[in-house]
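So the chains spell out like this:
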Amino acid sequence: QVQLVESGGGLVQAGGSLRLSCAASGRTRSNYHMGWFRQAPGKEREFVAAISWSGTRTSYVDSVKGRFTISRDNAKNTVYLQMNSLKPEDTAVYYCAAAPPKFLWPPGKYDYWGQGTQVTVSS
């Protein structure tokens, strides 16, 4: 079992930047693919970005390409989401998730989820 805790959210003006962090604990010896999702009020949860266990593969939803960058530091058991050029449409609760390594890239299932961190972008 893996526990995930997100941090780094907050209030930022449009055009600003934030870096989200997701710290993993528990069974962190396994090599999990990691992903970021977000959910805005009244909307369904959507995929934002993913990174393979080795960090060699990444995937992004079209709306954040060129603005967001996912990365990871396995030695620190941490995954990051650098968010630049933020837009009000990015306002949401952002969730970190881990996919079991048995699934090939791209992950088809995320088994572990964090509690979420709020990102609010003002115009």
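Read on for a plain summary of the structure. All values derive from a computational prediction rather than experimental measurement.

**A few points about the pairing of strand β8 (residues 78–83)**
Across the six residues of β8, five count as buried, placing the element largely inside the fold. Examined bridge by bridge, strand β3 (residues 18–26) and β8 share six bridges and lie antiparallel to one another. Paired with Cys22 across the bridge in β8 is Val79. Bridge analysis of strand β7 (residues 68–73) against β8 gives six bridges, and the strand direction is antiparallel. The residue of β8 that forms the bridge with Asp73 is Thr78. Between β7 and β8, which pair antiparallel in sequence order, lie four residues; one of them, Asn77, sits at a positive phi of approximately 55 degrees.

**Describing the sheet that holds β8**
Remark on secondary structure: sheet strands pair via backbone hydrogen bonds, oriented parallel or antiparallel. Strand order across the open sheet formed by four strands is β1-β3-β8-β7, with antiparallel pairing between neighbours. The open sheet terminates on both sides in strands that have one partner only, identified here as β1 (2–7) and β7. Direction aside, the axes of adjacent strands within the sheet are offset by 15 degrees on average.

**Digging into the pattern of salt bridges**
Per the counting criterion, the structure on display carries six salt bridges. For the salt bridge of Asp62 with Lys65, the shortest nitrogen-to-oxygen distance reads 2.9 Å. A salt bridge links Lys109 to Asp111; the nearest nitrogen and oxygen atoms lie 3.6 Å apart. Asp111 sits in the partly exposed class, given a relative accessible area of 33%. Beyond isolated ion pairs, a larger network of salt bridges with shared partners links Arg38, Glu46, Arg67 and Asp90.

**Some words on the state of the cysteines**
By definition, a disulfide links the sulfur atoms of two cysteines through a covalent bond. For the structure on display, the rule yields one disulfide. In this model, Cys22 is linked to Cys96 through a disulfide, with the two sulfur atoms separated by 2.1 Å. Disulfide Cys22 to Cys96: torsion about the S-S bond roughly -80 degrees, handedness left-handed. Linking Cys22 in strand β3 with Cys96 in strand β9 (residues 92–99), this pair joins segments that are 74 residues apart in sequence. The exposure classification of Cys22 matches that of Cys96, with both residues buried.

**Section: the layout of surface pockets**
Taken as a whole, the largest pocket spans an internal volume of roughly 190 Å³. Thr28, Ser30, Arg72, Asn74 and Asn77 are, among the 18 residues lining the largest pocket, the residues nearest its centre. Residue assignment for the lining of the largest pocket shows that the elements contributing at least two residues are β1, β3, β7 and β8. Residue contributions to the lining of the largest pocket peak at three residues, all from β3. When its residues are assigned to classes, the lining of the largest pocket shows nine nonpolar, six polar and three charged.

Basis of the calculations
Residues numbered from 1 in each chain as written. Predicted model: local features only at pLDDT ≥ 70, side-chain atom pairs only at ≥ 80, totals over all residues. Heavy atoms only, no water. Buried < 20%, exposed > 50% of the residue type's maximum accessible area, 1.4 Å probe, protein only. Helix = DSSP H or I, 4+ residues; strand = E, 2+ residues; numbered from the N terminus. Pairing = 2+ DSSP bridges. Axes fitted to C-alpha atoms, helices over the stretch in contact; angles between N-to-C directions. Salt bridge = Lys/Arg side-chain N within 4 Å of Asp/Glu carboxyl O. Disulfide = S-S within 2.5 Å. 1 Å grid on protein atoms, 1.4 Å probe; cavity = no way out; pocket = protein on both sides within 12 Å on 5 of 7 lines; lining within 4 Å. Points joined across faces, edges and corners; volume = space filled by probe spheres on them. Nonpolar A, V, L, I, M, F, W, Y, C, P; charged D, E, K, R; others polar.

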